[in-house]
Amino acid sequence: MMLRAGLKKLSILEEQFAETDPTKHPKMMVICEDTSVVPLVEEFLYSTGMSEEDVLSVHSGKKAELGEKEWAPVRERLFALDNHASPKVVVSVLMLREGFDVNNICVVVPLRSAGSSILLEQTIGRGLRLMWRGDSGIDELKQENRARIRHKLEPTNYFDMLFIVEHPNFQKFYDELISGGLVGEIGDDDTSTRAVGDLERIELKDGFEKYDFEVPFVVRDADEEMRAPSIDPLALEKSKYPLDVLISAIGKGDSFTSVAVETGTQFGDYRVDGGVMTATGYNDYLSRLATRITEAHARAFVTTTQQYKKVAQYPVMQAYKPLLIGWLNTYIRGRLFGQQFDPMEGENWRVLLLKDVAEDIAGQFGSLLVELQENVSVDTAEVMYRWVSEVSEITVRSSASVEVTKCIFEKLPYPTHGGGLERDFMAWADSDSNIEAFIKLHEYKHDFLRRPYLKADGMPAQYSPDFLVKTSDRVYVVETKSQSGLSDQNVLRKQRSAVSWCERINSLSPDQRGDRTWHYVLAGESVVRNNMNNGARCSDYLNISRLIEDDRGDAGQLF
């Protein structure tokens, strides 16, 4: 009789939950006191018309019976229980010891002798998992249920309620829970309560495309790409310093104390210009000089290795560094001194370490780099698009929804507590002939529209705007707030994040954003209602209330 009662409740939940979300699959768990009862439970379940696919028996004895290899697919099936319609019933002996943890257990039937405790608290805890998450309408219904149960009233729906088909001998335990307002009783003749309360599933309406939103996301910003230059290093000016004078200036090896790694040659630790003079060989010199030119050609040379490392840590432009190294080598060997120069002969390359020589070379190539940076082609930004209609259905409460025309859905929800402003704003926008479309964003389903921001306590968070509103030439990102909430620090931080998002979209070419500009509006309740009461259009209010960036880059509201 207890098993029949459990199956009846399960069938009610299956049928009505499917109306709201076909991907939700409620399950029943039967807990047996020992393994000898399991085959009897299976036999009875099969007699009711259930197939072997509908019943999954899991217990320690079966694990030992099957062996590790055969047990693995059974365990995998068990832990995937939430994702599939079958099995519908799990039969277990003290499942608590099996490490079992799924969310869709809605009915528990504990089969035990009249004197058995069989860990009552844990048995209930096994089914206390949230099957329904992330839907504000369902969350409100669950809150209402808790309030009704506390007041000894029948629940209005069965979302995330656990049904236990229990023997009367264990009533005392449940009496304690009932007295604490944690459990409610329903009779066998209960047929008035719908499992889903007044929740409706609203799908995209016919012709929704007219009211859809195409939202651009910048995958890669527009780049100014330097065209590969054509430079002849042999056509550059030669050095004003004669080679023989320079060679005499560096003297012989007796004045040097450092060691060249490549050749073992000892030379002085010249402290010159961006770390160039700390080079340990000609190849190292070329690399350092090229890095110095590409990173800091417009700045004075630094005088120590430590300063050089600091400058070189964040390079500005190195796209053509390999080309530059080749040009430098060609210039030094064939043009710098007006004759062929072999830096690898003897200690010739140490001439290049002299400050004036290094600065002369860097000066010539630095000016070429400036020209190179001016010789650019603009590459368009790479943009991907998401559609609001990717969320093809939403759930709304009949008692907390607004019928709308200019939307991809025929109804939109609003919070039952404190949602009056959102409700009135939707009706206001829907009646404005200048507004082509609008949508109330679903915080969880439209997760691709969330914007990151840093909360006042320094913790990262995600922010989901309330509405998108579209006119002929603009898209408004709208956040409705009570008047007291406008000065909240986190609201202002969300505002800056949204304004920045709109600016990035507006940096795209008009054809990449549907020939519309994007704007953010923080809609305070008193201003909104004042405009409504004075007969203003919603589109006019949005137009004069949009946030702009002033010259300092701070967001400010015009009205």
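None of these values were measured; they are calculated from a predicted model.

Colleague: What's the story with the overall build of the chain in this structure? I'm lost.
Modeller: When its secondary structure is counted, the chain shows 16 helices and 23 strands. Taken across its 559 residues, the chain has 47% of its residues classed as buried. Residue pairs at least 24 apart in sequence account for 72% of intrachain contacts in the chain once pairs closer than 6 positions are excluded. Summed over its atoms, the accessible surface of the chain is roughly 28300 Å², and 49% of this surface lies on carbon and sulfur atoms.

Colleague: What exactly am I supposed to notice about helix α11 (residues 321-334) here?
Modeller: Each α-helix turn comprises 3.6 residues. Residues three or four places apart therefore point the same way. The terminal C-alpha atoms of α11, which comprises 14 residues, lie 20 Å apart, in line with the 20 Å expected from a rise of 1.5 Å per residue. Buried residues of α11: Lys321, Leu324, Trp327, Leu328, Tyr331 and Ile332, and no others. Take α11 and look down its axis: the buried residues cluster within an arc of 125°, on one side only.

Colleague: What should I look at first to understand helix α16 (residues 538-545) in this one?
Modeller: All buried positions along α16 are accounted for by Cys538, Ser539, Tyr541, Leu542 and Ser545. Relative to the axis of α16, the buried residues are bounded by an arc of 160° and lie together on one face.

Colleague: Explain the pairing of strand β17 (residues 451-454) here, please?
Modeller: The side chains of a regular strand alternate, first on one face of the sheet and then on the other. Every second residue of β17 is oriented toward a common face, the buried set being Arg451 and Tyr453 and the non-buried set Pro452 and Leu454. In this sheet, strand β18 (residues 460-463) lies alongside β17 in antiparallel orientation, the contact comprising four bridges. Along β18, the bridge assignment pairs leucine 454 with proline 460.

Colleague: Where do I start with the packing of helix α13 (residues 420-430) against α16 in this structure?
Modeller: Packed helices, taken two at a time, are described by their axes: the angle between them and the distance between them. Two elements in contact, α13 and α16, have axes separated by 8 Å at closest approach and are oriented at 105°. It follows from the interaxial angle that α13 and α16 lie roughly perpendicular. Seen from α13, the contacting residues are Phe425, Trp428 and Ala429; seen from α16, they are Cys538, Tyr541 and Leu542. Taken together, the residues of the contact of α13 with α16 sort by class into six nonpolar, no polar and no charged.

Colleague: Before we go on, may I ask you to explain the nonpolar core in this structure?
Modeller: In this structure, Ile439 and Leu468 are the most contacted members of the largest nonpolar core, which totals 56 residues. The element best represented in this core is helix α14 (residues 489-506), accounting for six residues. If we ignore the near neighbours within four places in the chain, the residues touching leucine 468 are Phe213, Val215, Val388, Ala437, Phe438, Ile439, Leu441, Leu449, Tyr476, Val477 and Trp518. Core analysis: the next-biggest nonpolar cluster, separate from the first, contains 31 residues, Val38, Leu45, Ile138 and Ile149 among them.

Colleague: What is the right way to look at the pattern of salt bridges in this model?
Modeller: Opposite charge on two side chains allows them to pair when their charged atoms are near. Within the structure shown, the criterion is met by 13 salt bridges. The salt bridge partner of glutamate 390 is arginine 386, with a shortest N-O separation of 2.8 Å. On the basis of relative accessibility, which here comes to 25%, the residue arginine 386 falls in the partly exposed class.

Colleague: Please clarify how the sheet that holds strand β4 (residues 105-111) should be interpreted in this entry.
Modeller: Strands belonging to one sheet form pairs held by backbone hydrogen bonds; the direction of such a pair is parallel or antiparallel. Within the open sheet, the five strands sit side by side as β2-β3-β1-β4-β5. Their pairing is parallel. Since the sheet does not close on itself, it has two edges, and those belong to β2 (55-58) and β5 (163-164), each with one partner. Looking at chain direction, strand β1 (residues 27-32) and strand β3 (residues 89-93) are connected through five bridges and run parallel. Residue pairing across strands places isoleucine 31 opposite serine 92, the latter belonging to β3.

Analysis parameters
Residues numbered from 1 in each chain as written. Predicted model: local features only at pLDDT ≥ 70, side-chain atom pairs only at ≥ 80, totals over all residues. Heavy atoms only, no water. Helix = DSSP H or I, 4+ residues; strand = E, 2+ residues; numbered from the N terminus. Buried < 20%, exposed > 50% of the residue type's maximum accessible area, 1.4 Å probe, protein only. Contact = heavy atoms within 4.5 Å. Areas by Shrake-Rupley, 256 points an atom, 1.4 Å probe, with all protein chains shown as cover. Expected span 1.5 Å × (residues − 1). Arc of directions from axis to C-beta. Pairing = 2+ DSSP bridges. Axes fitted to C-alpha atoms, helices over the stretch in contact; angles between N-to-C directions. Parallel < 35°, antiparallel > 145°, perpendicular 65-115°, else oblique. Nonpolar A, V, L, I, M, F, W, Y, C, P; charged D, E, K, R; others polar. Core = buried A, V, L, I, M, F, W, Y, C linked by side-chain atoms within 4.5 Å. Salt bridge = Lys/Arg side-chain N within 4 Å of Asp/Glu carboxyl O.

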